[in-house]
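# Structural characterization, general
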Amino acid sequence: MMALIVAVAENNVIGSEGKIPWHLAEDMNFFRKLTEHNVIIMGRKTFESLPRRLPNRIHIIISRNRRFVPPYDDCYVVNSLDAAIDFSRTFVGKNIFIIGGGEIYQQALQKKAVEKIFLTKVQTEPKGDTFFPVVNPQDWQETNKIHFFKNEKNDYDFDIIEFGRINKS
């Protein structure tokens, strides 16, 4: 399976100055459980925004900077989304998750590279500088939705929504 996983505010903000503009512990737990022991594809800026290498995942980083070398031996660098997808398929039996950023999401959606979207819809409208692209609703069907309430672990109410691709052409 190749999927996109993202947390999006109501105004489509996904980031601000290289950081996620909210804290949702239950969403991070969902992300960890879903992506663990699988392949994650991300842009260089997304990789650099992580506090550390995410354990138990194969990291494929997209960078146009040919001099970029990640500080970990088990991270791979490629120069395009197509190269990342091709390389990710060499990890037989692993699910593949595109985890950002905005430009990588845009390319993946334009190429119709993913068959699922795991979208966390955060009930807030923060200021930000990175946005999730508009998704054509004719291409996707909601297949599952779980609501979470604001509490001591979550800054805001949010829904985790799973979409399946319905328009493959």
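Structure first, text after, so check above.
Here's what I pulled together on the structure shown here. (Residues numbered from 1 in each chain as written. Predicted model: local features only at pLDDT ≥ 70, side-chain atom pairs only at ≥ 80, totals over all residues. Heavy atoms only, no water.)

On to the nonpolar core. In this structure, Leu4, Val6, Ile41, Leu81, Ile98 and Phe132 are the most contacted members of the largest nonpolar core, which totals 27 residues. If you list the elements that add at least two residues to this core, you get β1 (2–9), β3 (39–43), β4 (58–62), α3 (81–88), β6 (96–98), α4 (102–110) and β7 (116–122). Counting residues in each nonpolar core, the second largest holds 13 residues, with Ala3, Phe47, Cys75 and Ile99 among its members. (Core = buried A, V, L, I, M, F, W, Y, C linked by side-chain atoms within 4.5 Å. Buried < 20%, exposed > 50% of the residue type's maximum accessible area, 1.4 Å probe, protein only. Helix = DSSP H or I, 4+ residues; strand = E, 2+ residues; numbered from the N terminus.)

Attention now moves to the pattern of salt bridges. If you walk through the whole model with that rule in mind, you get five salt bridges. Across the pair arginine 44 and glutamate 48 runs a salt bridge, and its minimum N-O distance is 2.7 Å. Remark: glutamate 48 and arginine 44 occur in helix α2 (residues 44–49); sequence separation between them is four residues, near one turn of the helix. For arginine 44, a relative accessible area of 25% corresponds to the partly exposed category. Owing to a relative accessible area of 46%, glutamate 48 belongs among the partly exposed residues under this scheme. For glutamate 103, the salt bridge goes to arginine 64, with nearest N and O atoms at 3.1 Å. Remark: arginine 64 occurs in the loop between β4 and β5 (75–78) and glutamate 103 occurs in helix α4; sequence separation between them is 39 residues. Relative accessible area serves as the criterion here: at 67%, arginine 64 is assigned to the exposed category. (Salt bridge = Lys/Arg side-chain N within 4 Å of Asp/Glu carboxyl O.)

Moving on, we come to the layout of surface pockets. Space inside the largest pocket adds up to approximately 1400 Å³. What lines the largest pocket is a set of 49 residues, among which Thr46, Ser49, Ile99, Gly100 and Gly101 lie closest to the centre. Taken together, the elements giving at least two residues each to the lining of the largest pocket come down to β1, β2 (13–15), α1 (25–35), α2, α4 and β7. In terms of residue count, the dominant contributor to the lining of the largest pocket is α1 (six residues). A class-by-class count of the residues in the lining of the largest pocket yields 20 nonpolar, 18 polar and 11 charged. (1 Å grid on protein atoms, 1.4 Å probe; cavity = no way out; pocket = protein on both sides within 12 Å on 5 of 7 lines; lining within 4 Å. Points joined across faces, edges and corners; volume = space filled by probe spheres on them. Nonpolar A, V, L, I, M, F, W, Y, C, P; charged D, E, K, R; others polar.)

So, on to the packing of aromatic side chains. Counted by the stated rule, this structure contains nine aromatic pairs. Measuring from centroid to centroid gives 6.1 Å for phenylalanine 30 and phenylalanine 118, while their planes differ by 55 degrees, and the two rings are tilted. With phenylalanine 30 in helix α1 and phenylalanine 118 in strand β7, this pair connects stretches of sequence that are 88 residues apart. In this structure phenylalanine 30 comes out as partly exposed when scored by relative accessible area, which is 24%. (Phe/Tyr/Trp six-rings, centres within 6.5 Å; stacked < 30°, edge-to-face > 60°.)

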